[in-house]
Amino acid sequence: MDFEKTRFNMVEQQIRPWDVLDTNVLDLLFHVKREDFVADSQRQLAFVDTELPLPNGSKMLQPKMEARLVQDATIQSSDKILEIGTGSGYLTALLAKMGKQVVSVEIDPAQKERAAANLKKAGIANATLVEGDGVLGLPEQGPYDVIVVGGSLPVVPQELKDQLAVGGRLILVVGDLPVMACKLIDRETDTSFRETTLFETCVERLKKFEAVEPARFSF
C-alpha cells in the first residue's frame with residue numbers, strides 16, 4: 001500500500017471538503033503518521049472515513065473530525081492544552097505539534113499505556129498523559145488556553161468551562177443521537193462565556209457515558 005498517496009487522498013477527498021483549509025493543519029496531517037497510531041491489523045484502514053475501534057472498545061475519531069477539532073480550536077504555539085480522552089494518542093500528537101504543552105487525561109490505564117507508546121514512537125515530547133476521569137478536567141494543572149474533548153457528552157460540563165483561562169477555548173461535541181453538535185465555548189471574562197455551534201455531527205460517547213442514559217447526568 002502506498003501510504004503517502006493514500007494520505008494525500010484522505011486530505012484532498014475527506015478533509016478539505018469538510019472545510020479544513022488551514023494550511024498549518026493540513027501540513028501537519030502529512031507529518032504525523034496516522035497509521036502509526038492504530039493496531040498493525042488496521043494500518044490500511046487508518047485513512048478511511050470512519051471511526052476505528054480501539055482495543056478497549058472505544059473508537060478513534062474520523063480523520064476529518066480530528067482535523068476539524070484542531071483547526072477550529074485555533075491553537076497558538078504558546079497554548080497549554082487539556083485533552084479529555086487520549087484514545088490512540090493521534091489527536092494528542094496533533095495538538096502537541098500545534099501548541100506548547102498538552103495534558104491528556106485517559107480513564108483506561110491500558111489504553112493510556114498504548115497511547116504513550118505511540119507518542120514516544122512519533123517523537124512527541126511535550127504531551128503528559130494522566131490516568132483519570134477527564135470529565136471533571138484537571139483543575140490542579142489549569143488554567144488552560146484550549147480544552148478538547150475526544151468524545152461526545154450529554155451537556156457541556158461547567159467544570160471544564162471553569163478551567164479555561166480568559167481568552168481560552170473549549171471545543172466538544174454535545175447532545176444525544178440522532179442529533180449532536182460541535183460547540184466552541186470562548187471564555188471572554190472571568191464570569192462570561194460565548195457559545196458557538198460550529199456544525200452538526202455524531203460522535204462516539206466519551207467512554208464513561210457510552211452505555212448510560214444522558215438524562216441521569218447533571219453537571
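Remember, predicted model here, so these are calculated numbers, not experimental data.

Participant: Would you mind going over the state of the cysteines with me for this structure?
Facilitator: Note: disulfide means a covalent bond formed between the sulfur atoms of two cysteine side chains. Scanning all chains against the criterion turns up zero disulfides. Unpaired in this structure, C182 has its nearest cysteine sulfur neighbour in C202, at a distance of 12 Å.

Participant: When you look at empty space enclosed by the protein in this model, what are you seeing that I'm missing?
Facilitator: The method is simple in principle: a probe with the dimensions of a water molecule rolls over the atoms, and the space it marks as empty is what remains. For the coordinates displayed, the defined rule picks out one cavity of 30 Å³ or more. Forming the walls of the largest cavity are 32 residues, and the residues nearest its centre are G85, T86, G87, G150 and L206. Taken together, the elements giving at least two residues each to the lining of the largest cavity come down to strand 2 (59–60), strand 3 (80–84), helix 4 (90–98) and strand 4 (101–106). Broken down by class, the residue content of the lining of the largest cavity amounts to eleven nonpolar, twelve polar and nine charged.

Participant: What exactly am I supposed to notice about the confidence of the model for the protein here?
Facilitator: Detailed reading of the predicted model is not advised wherever pLDDT is low. Per-residue confidence for the protein gives a mean pLDDT of 93, with 95% of residues at or over 70. A low-confidence stretch, residues 210–219 stays under pLDDT 50, and its non-local contacts, those more than four residues away or across chains, total 13 contacts.

Participant: How should I be thinking about the packing of aromatic side chains in this particular structure?
Facilitator: Working definition: an aromatic ring pair is given by the centre-to-centre distance plus the angle between the planes. Counting across every chain of the model gives three aromatic pairs. Aromatic pair F37 and Y90: ring centres 5.6 Å apart, planes at 65 degrees, arrangement edge-to-face. Here F37, found in the loop between helix 2 (23–31) and strand 1 (52–53), pairs with Y90, found in helix 4; they are 53 residues apart in sequence, far enough to count as distant. On the basis of relative accessible area, F37 is assigned to the buried category, the value being 3%. Directly above the ring of F193 sits K161, whose terminal nitrogen or CZ lies 4.7 Å from the centroid.

Procedures and definitions
- Residues numbered from 1 in each chain as written.
- Predicted model: local features only at pLDDT ≥ 70, side-chain atom pairs only at ≥ 80, totals over all residues.
- Heavy atoms only, no water.
- Disulfide = S-S within 2.5 Å.
- 1 Å grid on protein atoms, 1.4 Å probe; cavity = no way out; pocket = protein on both sides within 12 Å on 5 of 7 lines; lining within 4 Å.
- Points joined across faces, edges and corners; volume = space filled by probe spheres on them.
- Helix = DSSP H or I, 4+ residues; strand = E, 2+ residues; numbered from the N terminus.
- Nonpolar A, V, L, I, M, F, W, Y, C, P; charged D, E, K, R; others polar.
- pLDDT = per-residue confidence, 0-100.
- Contact = heavy atoms within 4.5 Å.
- Phe/Tyr/Trp six-rings, centres within 6.5 Å; stacked < 30°, edge-to-face > 60°.
- Buried < 20%, exposed > 50% of the residue type's maximum accessible area, 1.4 Å probe, protein only.
- Lys NZ or Arg CZ within 6 Å of the ring centre and 35° of its normal.

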